[in-house]
Amino acid sequence: MSSIDEKVEPIYKAVLDRNPGEIEFHQAVREVLESLGPVLVKHPEFADHRIIERICEPERQIIFRVPWVDDKNVVQINRGFRVEFNSALGPYKGGLRFHPSVYLGIIKFLGFEQIFKNALTGLPIGGGKGGSDFDPKGKSDAEVMRFCQSFMTELYRHLGEYTDVPAGDIGVGGREIGYMFGQYKRITNRWEAGVLTGKGLDWGGSLVRTEATGYGATFFVDEMLKVRNESFDGKTCIVSGSGNVSIYTMEKIAQLGGKTVACSDSNGYIYDEKGIDLDLVKQLKEVERRRIKNYVDVYKHAKYISKGNIWEVPCQVAMPSATQNEINGKDAEMLVKNGCIAVGEGANMPTTPEGIKVFLDAKIAYGPGKAANAGGVATSALEMQQNASRDSWSFEYTEDRLRQIMRNIHKTCYETAEEYGAPGNYVTGANISAFIKVAQAMVAFGVI
Ligand code: GLU
């Protein structure tokens, strides 16, 4: 791990003391704070206003009971969360995650990252995140609906197009957003499109939102490759996961001439040397909601490696798009040794601090999640823009906007890294440029 500046160290210690046991939150905070020493030298006013201390403390945290009845008529109880972290740049914005691993520490790490990611988009959105320890896996549609309705029955009072605007994340896609939008509309008696993003196309959704996180991450990597006079053309790629982010990353890689040979789910990974057949993955995952191992039932030449480590597959470009901490130091070493030249994070915080150090020391192109995967939330902000003007844009126009936003994020991170004496380090560039933007707004608002 790198070190934290001595002026920032006591702030990090206080975060550890105030938030015991929330290890993912500690990790996310540490990664940003490690970049901030030089910022305080150029901007002493941020220390006077205690901006770092304030940014590490969520503006509001909501924890609530979510009772629902399963198909066997048994009452189930889950826990719901919404952490409204920072509204300096706009209404709280960030997804909802439904996964059994969810607890306050996960939601806080995601909410904290979201502040900076959203700032990088250049659009007027603050940072927040929510979710539940509910596990949608194996649940019927009716159970998912009852859960979503109960979840929204508490959450609705905290939301609004100018207040807090959730979207999807792991375990929350179009189906769940539909049930939650329906319940919000019913309780409030308001058809308020801008209260949720990731909506269906017939009821206020935006074209490209489904594809946006994966497409955006691929555009970001494309920009990093261009700086090195490289491109996706002919490159062998690995994309972990097989959810929404992973699927549309693979799609854009193929459009740019690359070949993805492996993807995964939490049980194992598939390897197809001819290139993954995306239509089949979409059918299995999006339509049939089955496991990735079913791929080899159709393609006998492909391999399914149960409990295998996808990072052992040699590649030139790796795009972790499953979940946090999926690449550790050893995995990173293996990737570099096998000839990987670029890593773009579709997932949030998928690389451990040890892994990040390996990538930075090897000087490969490493695009951290808060920059590389900002295309999802950026397109959510474009969805809000369309909702506010009661308009809807074409696929081509919306994709162009997304491409331009990703180019700008890349440019900002690249130039800020240079300015702060860390050329090529997108971690430093992303953390510093995003922090300064949020900090300046907070200074302008006074002590609130
Ligand atoms: N969950 C996504 C993220 O991690 C998208 C959030 C949104 O669209 O609000 O950025």
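Just so we're clear, the structure is a prediction, and the values are computed from it rather than from any experiment.

As a further point, take the overall build of the protein chain. Tallying secondary structure elements over the protein chain gives 18 helices and twelve strands in all. Relative to the globule expectation of 22 Å for 448 residues, the C-alpha radius of gyration of the protein chain, 21 Å, shows essentially globular dimensions. With respect to the three principal axes, the spread of C-alpha positions in the protein chain is 60 × 55 × 45 Å. Split into buried and exposed, the 448 residues of the protein chain put 58% on the buried side. Across the protein chain, contacts joining residues at least 24 apart in sequence account for 72% of those joining residues at least 6 apart. Counting only carbon and sulfur atoms, one obtains 50% of the accessible surface of the protein chain, whose full area is about 18200 Å². Once the 53 positive and 57 negative side-chain charges of the protein chain are each reduced to a mean point, those two points are 3 Å apart.

A word on the site of the ligand. In the vicinity of the ligand lie 14 residues, with Lys-93, Lys-117, Gly-168, Asp-169 and Ser-380 positioned nearest. With respect to the ligand, the side chain of Lys-93 contributes an N or O atom lying 2.7 Å from an oxygen atom. Contact between the ligand and Gly-168: a nitrogen atom at 2.9 Å from a main-chain N or O atom of the residue. Burial of the ligand by the protein amounts to 95% of the accessible area it has alone, namely 300 Å². Every element with two or more residues in the shell around the ligand is listed here: β3 (92–98), α6 (104–120) and α16 (375–388). Taken together, the residues of the shell around the ligand sort by class into two nonpolar, seven polar and five charged.

Take the packing of aromatic side chains next. Summed over all chains, the structure comprises 21 aromatic pairs. An angle of 45 degrees between the planes, with centres 6.0 Å apart, marks the rings of Phe-25 and Phe-85 as tilted. Of the two residues, Phe-25 sits in helix α2 (residues 23–33) while Phe-85 sits in strand β2 (residues 75–86), which places them 60 residues apart along the sequence. Of the two residues, Phe-25 and Phe-85, both sit in the buried class. A centroid spacing of 6.1 Å and a plane angle of 90 degrees characterise the contact between Phe-98 and Phe-134, whose relative ring orientation is edge-to-face. You can see Phe-98 sitting in strand β3 and its partner Phe-134 sitting in the loop between β4 (127–132) and α7 (141–155), a full 36 residues away along the chain. There is no split in this pair, since Phe-98 and Phe-134 are both buried.

A few words on empty space enclosed by the protein. Applying the stated criterion across every chain yields a total of one cavity of 30 Å³ or more. For the largest cavity, the calculated volume is near 40 Å³. In terms of lining, the largest cavity is formed by Glu-31, Glu-113, Glu-345, Met-349, Thr-351, Ile-356, Tyr-366, Pro-368, Gly-369 and Lys-370. Per-class residue counts for the lining of the largest cavity are four nonpolar, two polar and four charged.

All told, the structure shown has zero disulfides when counted by the stated rule. Note on Cys-237: no disulfide assigned, nearest cysteine sulfur contributed by Cys-315 at a separation of 7.3 Å.

Let us now look at helix α1 (residues 9–18). Within α1 the residues assigned to the buried category are Ile-11, Tyr-12 and Val-15. Relative to the axis of α1, the buried residues are bounded by an arc of 100 degrees and lie together on one face. At its buried positions, α1 is contacted by α2 and α5 (51–55).

This part takes up the pattern of salt bridges. Counted by the stated rule, this structure contains 29 salt bridges. For Arg-18, the salt bridge identified is with Glu-57, shortest N-O distance 3.3 Å. Of this pair, Arg-18 sits in helix α1 while Glu-57 is found in the loop between α5 and β1 (60–69), placing the two residues 39 residues apart along the sequence. Overall, the relative accessible area of 56% leaves Arg-18 in the exposed class. Salt-bridge contacts for Glu-34 lead to Arg-30; the nearest nitrogen and oxygen are separated by 2.9 Å. We classify Glu-34 as partly exposed; its relative accessible area is 23%. Classification of Arg-30 by relative accessible area gives buried; the value is 16%. Look at the salt bridges and you will find they share partners, linking Lys-252, Glu-399, Asp-400 and Arg-403 into a network.

Calculation rules
- Along each chain, residues carry numbers from 1 onward, in the same order as the chain's sequence is written.
- A pLDDT threshold of at least 70 governs which residues receive local features in this predicted model, and a stricter bar of 80 or more applies before side-chain atom pairs are shown or counted, although totals over entire chains, interfaces and linings include all residues.
- Water and hydrogen atoms play no part in the side-chain values, which are based on all heavy atoms of the structure.
- Strands here mean DSSP runs of E at least two residues long; helices mean DSSP runs of H or I at least four residues long; both are numbered from the N terminus.
- Between the two quantities, the radius of gyration covers C-alpha atoms and the globule rule is 2.2 Å times the number of residues to the power 0.38.
- The buried label applies to any residue whose accessible area, calculated with a 1.4 Å probe on protein chains only, is under 20% of its type's maximum; exposed applies above 50%, and partly exposed to all values in between.
- By the convention used here, residues are in contact when the closest approach between their heavy atoms is within 4.5 Å.
- Using a 1.4 Å probe, the Shrake-Rupley method yields the accessible areas, and only the shown protein chains count as cover for residues.
- Within this scheme the basic residues Lys and Arg register as positive and the acidic residues Asp and Glu register as negative, but His and the chain ends are omitted.
- Working definition for charges: the position is that of NZ of Lys, CZ of Arg, CG of Asp or CD of Glu.
- Only heavy atoms are used to decide nearness, and a residue is near a molecule or strand if one of them lies within 4 Å of it.
- Any N or O atom pair separated by 3.5 Å or less is treated as a polar contact, with the protein-specific requirement of one donor-capable and one acceptor-capable atom, and with residues adjacent in sequence counted only for side-chain atom pairs.
- Residue polarity follows a fixed list, in which Ala, Val, Leu, Ile, Met, Phe, Trp, Tyr, Cys and Pro are nonpolar, Asp, Glu, Lys and Arg are charged, and the others, Gly among them, are polar.
- Planes of paired rings set the category: under 30 degrees apart is stacked, over 60 is edge-to-face and the rest tilted, where pairs are Phe, Tyr or Trp rings (Trp by its six-membered ring) whose centres lie within 6.5 Å.
- Each cavity reported here is a set of points on a 1 Å grid over the protein atoms alone in which a 1.4 Å probe fits but cannot get out, each pocket an open set with protein on both sides within 12 Å along at least five of seven lines, and each lining residue one with an atom within 4 Å of a point.
- Grid points are joined across faces, edges and corners, and a volume is the space filled by probe spheres set on the points.
- Only a pair of cysteine sulfur atoms within 2.5 Å counts as a disulfide in this structure description.
- Each C-beta atom gives one direction from the helix axis, and the arc is the one those directions make.
- Definition used for salt bridges: Asp or Glu carboxyl oxygen within 4 Å of a side-chain nitrogen of Lys or Arg.

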